[in-house]
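A structural walkthrough
The residues making up each chain are set out below.
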Amino acid sequence: MIPAKFDYVRAGSAAEAIAALGEHGDEAKLLAGGHSLLPLMKLRLATPAVLVDVGRLDDLRYIRDAGDQIAIGALTRHHDLETSDLLAEQCPMLRHVAHLVGDPQVRHRGTIGGSLAHADPASDLPAAVLALGGTLVARGPDGEREIAATEFFTGFLESALAGDELLTEIRVPKVPGAGWSYQKFNRRAQDWAIVGVAAVRNGTTGVALVNMGTTPLRATAVEEALAGGASAAEAAERADEGTEPTADLNASEEYRRHLARVLTRRALEEAGA
Amino acid sequence: MTATETPAATTVLGSRLLRKEDPALLTGEGRYVDDLVVPGALWLGLVRSTVAHARVSVDVGPALDAPGVVAAFTGDDLLDAWAAPLPCAWPVTEDMKAPEHRPVAAGTACYVGDIVAVVVAESRAAARDAVEAVLVDYDELPAVVDLEEAAEDRVLVHEDLGTNRSYTWELTPDADAVERAFAEAAHTVSERYVQQRLIPAAMEPRGVVVVPAPHGGEYTVYSSTQIPHILKVMLAATTGVPEHKIRVIAPAVGGGFGSKLNVYAEEVLALALARKLGRPVRWTEERSEAAVATIQGRGQIQHIELAADAAGKVTAVRVRLLADLGAYLQLVTPGIPLLGAFLYHGVYDIPAYSFSCTGVFTTKTPTDAYRGAGRPEATYAIERAMDALAVEVGVDPAEIRRRNFIPTDAFPYSSAPGLVFDSGDYEPALARALEMVGYEELRAEQARRRESGSTAHLGVGISFYVEMCGLAPSRVLASLNFGAGGWEAATVRVLPTGMVQVVTGTSPHGQGHETSWSMIVADRLGVDPDHVEVLHSDTDVSPHGLDTYGSRSLAVGGTAVWHACEKVVAKARTIAAHQLEVAEEDLEFSGGQFQVRGSPDRAMPIQAVAFQAFLAHDLPEGMEPGLSAQVVWDPPNFTFPFGAHIAVVEVDEETGRVQLLRYVAVDDCGNQVNPLIVEGQVHGGILQGVAQALWEEAAYDGDGNLRSATLADYLVPSAAEAPSYELDHTVTPSPTNPMGVKGVGEAGTIGAAPAVMNAIVDALSPLGVTDIDMPASPHRVWSAIRAAKEAQQ
Ligand SMILES: Cc1cc2nc3c(=O)[nH]c(=O)nc-3n(C[C@H](O)[C@H](O)[C@H](O)COP(=O)(O)OP(=O)(O)OC[C@H]3O[C@@H](n4cnc5c(N)ncnc54)[C@H](O)[C@@H]3O)c2cc1C
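All values reported here derive from a predicted model rather than from experimental measurement.

To continue, consider the overall build of chain A. The helix and strand tally for chain A stands at 12 helices and 14 strands. Taking 19 Å as the expected radius of gyration for a compact globule of 273 residues, we find that chain A reaches 18 Å, a close match to that expectation. Dimensions along the principal axes, computed over C-alpha positions, put chain A at roughly 55 × 45 × 30 Å. Per-residue burial over chain A gives 54% buried out of 273 residues. Of the contacts made within chain A by residues no fewer than 6 positions apart, 60% connect residues no fewer than 24 positions apart. Seen as two clouds, the 27 positive and the 38 negative side-chain charges of chain A have centres 6 Å apart.

A few words now on the interface of chain A and chain B. If you look at the interface, chain A gives 25 residues, while chain B gives 34 residues. Interface area, chain A with chain B, both sides summed: about 2500 Å², of which 52% is carbon and sulfur. Of all residues in chain A, Arg187, Arg188 and Leu249 of chain A give up the largest surface area on contact with chain B, accounting jointly for 30% of the area buried on that side. Residues arginine 266 of chain A and aspartate 652 of chain B are paired through a salt bridge, measuring 2.9 Å at the closest nitrogen-oxygen approach. Elements represented by at least two residues in the side of chain A that touches chain B include exactly strand S11 (179-185) and helix H12 (253-271) of chain A. For the side of chain A that touches chain B, the element with the most residues is H12 of chain A, which contributes seven residues. When its residues are assigned to classes, the side of chain A that touches chain B shows 11 nonpolar, five polar and nine charged.

Residue and element names in this part refer to chain A. Along its sequence, chain A is carved into domain 1 (7-53), domain 2 (59-173) and domain 3 (179-271). Here the C-alpha centre of domain 3 lies 20 Å away from the C-alpha centre of domain 2. Opposite the 27 residues of domain 2 that make contact, domain 3 presents 23 residues. Between domain 2 and domain 3 lies a buried interface of about 1900 Å² when both sides are counted; carbon and sulfur atoms form 68% of it. A salt bridge links aspartate 124 to lysine 184; its shortest N-O distance comes to 2.8 Å. Applying the counting criterion to the domain 2 and domain 3 interface returns five residue pairs in polar contact (both at pLDDT 80 or more). Every element with two or more residues in the side of domain 2 that touches domain 3 is listed here: helix H5 (92-99), helix H8 (124-132) and strand S8 (153-155). With seven residues, the single largest contributor to the side of domain 2 that touches domain 3 is H8. For the side of domain 2 that touches domain 3, the class distribution of residues is 17 nonpolar, seven polar and three charged.

What follows deals with the environment of valine 210 of chain A. Residue and element names in this part refer to chain A. Mapped onto the elements, valine 210 comes out in strand S13 (residues 204-210). Judged by its relative accessible area of 0%, valine 210 falls in the buried class. Between the alpha carbons of valine 210 and phenylalanine 185 there is a distance of 9.7 Å; along the sequence they are 25 residues apart. With near-sequence residues (within four places) excluded, valine 210 lies in contact with Pro121, Ala122, Ser123, Ala127, Tyr182, Ala193, Ile194, Val195 and Gly196.

Here we come to the pattern of salt bridges. This model, assessed by the stated rule, comprises 65 salt bridges over all chains. Salt-bridge contacts for glutamate 82 of chain A lead to arginine 107 of chain A; the nearest nitrogen and oxygen are separated by 3.2 Å. Of this pair, glutamate 82 of chain A sits in helix H3 (residues 78-82) while arginine 107 of chain A is found in helix H6 (residues 104-109), placing the two residues 25 residues apart along the sequence. In terms of burial, glutamate 82 of chain A and arginine 107 of chain A fall into one category: buried. In this structure, the salt-bridge partner of arginine 403 of chain B is glutamate 399 of chain B, at a minimum N-O distance of 2.8 Å. Of this pair, arginine 403 of chain B and glutamate 399 of chain B both sit in helix H10 (residues 397-404), separated by four residues, roughly a single helical turn. Owing to a relative accessible area of 25%, glutamate 399 of chain B belongs among the partly exposed residues under this scheme. Connected via shared salt-bridge partners are Arg44 of chain A together with Arg128, Asp129, Glu132 and Glu286 of chain B.

Right, let's talk about helix H3 (residues 124-133) of chain B for a bit. Among the residues of H3 of chain B, those classed as buried are Arg124, Ala126, Ala127, Arg128, Ala130 and Val131 of chain B. Check the buried side of H3 of chain B and you find it contacts strand S1 (42-48), helix H2 (61-64), strand S3 (69-74), strand S5 (115-121) and strand S12 (281-284) of chain B.

Residues and elements named next belong to chain B. When you line up the elements, histidine 158 lands in the loop between helix H4 (147-151) and strand S7 (165-171). Residue classification places histidine 158 among the buried residues on the basis of a relative accessible area of 7%. Polar contacts involving the side chain of histidine 158 include one to the main-chain carbonyl oxygen of alanine 327, which spans 2.6 Å. Those residues in contact with histidine 158, other than ones at most four positions away along the chain, are Pro99, Cys110, Asn164, Ala327, Tyr328 and Phe361.

Moving on, we get to the sheet that holds strand S25 (residues 627-633) of chain B. All names here are of chain B. Strand order in this open sheet of four strands is S21-S20-S19-S25, and the pairing throughout is mixed. Edge strands, defined here as strands with exactly one partner in the open sheet, are strand S21 (532-535) and S25. Strand after strand, the sheet turns through a mean of 15° between neighbouring axes, direction not considered. Relative to S25, strand S19 (residues 488-494) runs antiparallel, the two sharing seven bridges. The partner of alanine 489 across the bridge, within S25, is valine 632. Across the sheet, helix H14 (residues 513-525) is in contact with S19, strand S20 (500-504) and S21; its angle to S21 comes to roughly 135°.

Residue placement: alanine 273 of chain A occurs in the segment after H12. Residues contacting alanine 273 of chain A, with those up to four places away along its chain left out, are Arg201, Thr205, Ala232 and Leu268 of chain A.

What follows is about the sheet that holds strand S14 (residues 314-326) of chain B. All names here are of chain B. In space, the five strands of this open sheet follow the order S7-S15-S14-S13-S8, with mixed pairing throughout. Across the chains shown, the open sheet's two edge strands, defined by having one partner strand only, are S7 and strand S8 (187-198). Strand after strand, the sheet turns through a mean of 10° between neighbouring axes, direction not considered. Direction of pairing for strand S13 (residues 297-308) relative to S14: antiparallel, over a ladder of nine bridges. Looking at S14, one finds that alanine 308 is bridged to valine 314. Across the sheet, helix H9 (residues 375-393) touches S8, S13 and S14, and the angle it forms with S8 is around 145°.

Criteria and cut-off values
Residues numbered from 1 in each chain as written. Chains lettered and ligands numbered in written order. Predicted model: local features only at pLDDT ≥ 70, side-chain atom pairs only at ≥ 80, totals over all residues. Heavy atoms only, no water. Helix = DSSP H or I, 4+ residues; strand = E, 2+ residues; numbered from the N terminus. Rg over C-alpha atoms; globule rule 2.2 N^0.38 Å. Buried < 20%, exposed > 50% of the residue type's maximum accessible area, 1.4 Å probe, protein only. Contact = heavy atoms within 4.5 Å. Lys, Arg positive; Asp, Glu negative; His and termini not counted. Charge placed at Lys NZ, Arg CZ, Asp CG, Glu CD. Buried area = accessible area lost by both parts, 1.4 Å probe. Salt bridge = Lys/Arg side-chain N within 4 Å of Asp/Glu carboxyl O. Nonpolar A, V, L, I, M, F, W, Y, C, P; charged D, E, K, R; others polar. Domains from an automatic or database assignment. Polar contact = N/O pair within 3.5 Å; in protein donor to acceptor, adjacent residues only side chain to side chain. Pairing = 2+ DSSP bridges. Axes fitted to C-alpha atoms, helices over the stretch in contact; angles between N-to-C directions.

Right under this line is the structure:
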């Protein structure tokens, strides 16, 4: 409940934030919606010496039409996503997934950038962006670079972002009319998924798994099977291939593997694969 | 008191008056302990054992060097601060074994969360940092986690006791009759059920502030407690501060569910350290601290056997319990399972009865009262077992219940274990619930689905509970060796201006007593409920009382208010008769007016009488001025509310997910003072019972670590999980009190868990599933389905 002592810096711009990260190095953490970081700090599982608050960088809060993509500012709240007309038309899965995150309070505070940067394998938006084949934009002292979502998640709560980089934008393809499904399996509405599956059918089928290992995962075996002409049921049997799910209060490893297969089949069926 | 008919209906009693309490609470005006501004207060930080069982050596030195720290103490440092150990007020047997329970453990820590040192600092944050600075060296001892293993005494929680078995309590009025019934039975069932431990998780965590009077010697204790009166006595006993120097106030209290019916280490520490340091001392519990530091509920392994004749009429019930006490005995720990000891025959007329309970120590957080306390466990066992019997006999679960109900003409009913059920009429409640849920159609739909081979299995579960409320007749408590009486006090004062003050000894923490008591007064005195103020939860304002728990407040405390009103009316009648110069018998009292019979123009409102009583210019010879009365009411019996609950679930065979589709409840709590409040209690109660069935579990690992210490892992349901309640009620007034009320605070919780579990087992019975432990998580249900399928192959 009571975090350890920390200093607080409010960034007035992305550049200020990046400079502050450069100045304080490993000691510093960016603070966006705070709905992943602050709980960890209150339990003293995270004890950053400096918080660099980017929560008020409203110029990074947008959902824009960018040609054949949608560009979403990193500070865009889950609530903005779940109510976006543009997403409803062009990428309804992302809108739906945002609606399933936590509870209304969480959705009004939490940001898509924070959710992706936190790289929690149990989170919903990372898997959605993975299945969609999205791209992330990071800005550092030397300017901007693009990172494919498939390259972004590097380990448990670890991403490809450098210590002095700020995630600024998330880009997802426009997929109007594509079949899609998001299967979130949890016990209470507000909870993280015990296992989740995102599937998008846009020519090829992208499938991503929630909580089936240390990072958000592409279900590559399933995607390959489908590309090779397997039925949804056949492909789904391979959903847990190459995964290393953990056991916790909600599920054994074996049960998670089973859920991944069942939910993948349901997702593929719903997406019309 | 003999049978009472429904009290003359006024417009107020039985109306859905909005709760007086709510505007303040809903607009953030409620002042909870943590909201109190106390300049100069020091904060306590508790250093808690991170190991379930260990000899500890503690060095508080580094904490003393930390910024803002005023003092720090080990258990040994404080040994002379205690006049007595923390209290257990319910030694259930003569030979019950009780470990000494100090507020700060000295030498050995016996559960994760056991306090091993305390720091005192200038701010909450400084106290929290200082806790981390204290050095604790753990010399680990083996943990004792599993209840059945603990009972075997291979590893002891408390070496000096020589056993983990604290007591065995038996109730077998006629052992031969039980033996005979089982020997002659056409059918028997023998079931084992596990009552998992639950974390009460009141919305407001606990908190305490102790303010010494500026000139010393007197202490005001603000605590988030259900029991300010009992706490005052116990604080005096443990700290040696004389009782009359202690004032306990429970400000707004955000729920308790039994968890605040206790005397906690932090409360006595705050008083002892305020005395030692001469400054106000405060503490507010953190949420994950609450998971280990506040008592937990349930925690039993139940063996229940039924003997029945060929028609399924039950002839005997035999129950053997193991109760998980945790590491120490808190205020009423040992007695909790025994509050159910008399109710294992449920609503059924079972002539032969045998009950025994062994209380066992484990290296876990102590257990104690949690909503229903003993009665949900009893109801669960008998209601699950009745379903098992229905399967064994081959009749419908509704029918097996009908065949066994205590018949309506048997009330007042003397039960085999020795209670007298005040009133009951069970068939109509069951019939109504079955009708509401559309029982026949559901069974038809279930059959259709089964035939079609659907993997979405439909299940219907019935539970019919009776509970024992209105704790309690003092004489009965004496026979149970309980360390207090069961009476309740009320004072009703009509002030000179006609406004009314009620002082109650009950201590509401969400139940709406201010509204209900106002309604009783409005009904009796004929005044506007808004002209009634209810004072409570402050031992200086309300010196006599036994507080709020066990669905006792209305049946006992409300009845005290009723009787006090009657006394006020009697005195007012004498004054009115005197002033109107008529005989008392010639006065009729209604609508707040004393009216001379036959003379419509000669009347005196009670407000005018109150003013005359205040003036005292013209009172009958020898009468004391003032219009007020105090009553202490000791109930002649418990009350026995009952109800039929039906859950409808769908179970996904592939994933094990259970969806609660519908929930029907027909409760009977006698006459209802305020149906709105009754429904609120039933809603919350049901969800809490459903939560035991589907979501909540204080899960420990083999080393005695609590794995579900945060609200991300301990699954308290939210509104999104709540079913749409379909409620109705029947009314069978209690003859135990003049209002015919019974109590409804725990009913929903008692009825819900067995209804849901019976529904799940019903859904999966074609697959061969006969039991699933609570909570029926998807993983557990899936595992049970798989095991049953394997067993059938
Ligand atoms: C009760 C509750 C329930 C929840 N349920 C769910 C759920 O069901 N599904 C789900 O997916 N999530 C859930 N969440 C998490 C929620 O979605 C978080 O909001 C989200 O994961 C993090 O976003 P944030 O903006 O709050 O990030 P913060 O907590 O502010 O930051 C998280 C991490 O990301 C870093 N970071 C933040 N922004 C950036 C950036 N722009 N560039 C680089 N690094 C950055 C921070 O330094 C920090 O390490 C829940 C949270 C709570 C409290």
